[in-house]
Each structure stands twice: as C-alpha cells, then as structure tokens.
Amino acid sequence: MARLLFPAQPGHRPIERQCPIRVVSVHLLGSAGQLLRVLFLDREGHISGQPHLMARSEALILAANQQRVLGPQARVQVL
C-alpha cells in the first residue's frame, strides 16, 4: 500500500511513494489450501527457488498471467 508523503492540497493530487522494483512469489497450495512451498518467477516466467527483481509493471502482468495458468492450486503475489 502506498503511503502519502505530504498531505493533499486543494486542487492537487497527493504525492505517493511506490517502489518501482518488485518480486513475484508463487505459493503452491495443497488440496486443503495449506501452503506447501514458496517459489519465485523470473522475468521470463520461469519458476525458481530464488527471488528475481523486475519492474513493477512487468511484475503485475506476469503475476496476473501466471495466476490464470496455475489457477486455484497456487496463490501468486507481487511483493
């Protein structure tokens, strides 16, 4: 969640701080929904045991696509 650096002034949008670098994590779930393993995605969408840094916009697209592919057997998060 972005935090405000300065209060909003009338007629101006508040200034938000967002980190431009993200990591995409894949939480593999068991049949009862319990967490089995946490993995990460690289920029090409390959699953890896190590986190890979990528641009925020790329991470959001990659996570959405990967969640569609994996379905309910995983929870994909952008950290």
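Refer to the structure printed above.
Residues numbered from 1 in each chain as written. Predicted model: local features only at pLDDT ≥ 70, side-chain atom pairs only at ≥ 80, totals over all residues. Heavy atoms only, no water.

A look at the pattern of salt bridges
Applicable threshold: We count a salt bridge whenever a side-chain nitrogen from Lys or Arg sits within 4 Å of a carboxyl oxygen from Asp or Glu. Helix and strand definitions here come from DSSP, where helices need a minimum of 4 consecutive H or I residues and strands a minimum of 2 consecutive E residues; each element is numbered from the N-terminal end.
Scanning all chains against the criterion turns up one salt bridge. For the salt bridge of glutamate 58 with arginine 43, the shortest nitrogen-to-oxygen distance reads 2.7 Å. Of this pair, glutamate 58 sits in helix H1 (residues 56-70) while arginine 43 is found in the loop between strand E5 (35-41) and strand E6 (47-48), placing the two residues 15 residues apart along the sequence.

Points about the sheet that holds strand E8 (residues 74-78)
Under the convention used in this document: DSSP bridges decide pairing: two strands pair if at least two such bridges lie between them. Every residue pair with non-hydrogen atoms within 4.5 Å of one another is taken to be in contact. In this analysis an axis means a line fitted to C-alpha atoms, helices contributing only their contacting stretch, and an angle means the value between N-to-C directions, from 0 to 180 degrees.
Reading across from one edge, E6-E5-E4-E8 is the order of the four strands in this open sheet, with antiparallel pairing throughout. Both edges of this open sheet fall to E6 and E8, since each of them pairs with a single strand only. In this structure, strand E4 (residues 24-29) lies alongside E8, joined through five bridges in antiparallel fashion. Each bridged residue has a counterpart across the sheet, and for leucine 28 the counterpart in E8 is alanine 74. The strands touched by H1 within the sheet are E4, E5 and E8, with E8 carrying the most contacts at an inclination of about 175°.

Regarding the nonpolar core
Keep this limit in mind: What we call a nonpolar core is a set of buried Ala, Val, Leu, Ile, Met, Phe, Trp, Tyr and Cys residues that are connected through their side-chain atoms within 4.5 Å. The classification of residues rests on relative accessible area computed with a 1.4 Å probe and restricted to protein chains. Under 20% of the type maximum is buried, over 50% is exposed, and intermediate values are partly exposed.
Val24, Val26, Leu41, Met54, Ala59, Leu62, Ala63, Leu70, Ala74 and Val76 together form the largest nonpolar core, which totals 10 residues. Where this core is concerned, the elements lending two or more residues are E4, H1 and E8. Not counting the four nearest positions on each side in its chain, alanine 63 is found in contact with Val24, Val76 and Val78.

Observations regarding the environment of arginine 56
Looking at the secondary structure, you find arginine 56 in helix H1. For arginine 56, a relative accessible area of 32% gives the class partly exposed. Considered as a pair, arginine 56 and valine 24 are 32 residues apart in the sequence and their alpha carbons are 9.6 Å apart.

Things to note about the pairing of E5
Two elements, E4 and E5, share six bridges in a ladder whose sense is antiparallel. Note that in E5 the partner of leucine 28 across the bridge is arginine 37. Where E4 folds back on E5, the antiparallel hairpin that results is connected by five residues, among which glycine 33 adopts a positive phi of roughly 85°. In the sheet, E5 pairs with E6 via two bridges, with the strands oriented antiparallel. Residue pairing across strands places phenylalanine 40 opposite serine 48, the latter belonging to E6.

Interpretation in functional terms is not warranted from these geometric data alone.
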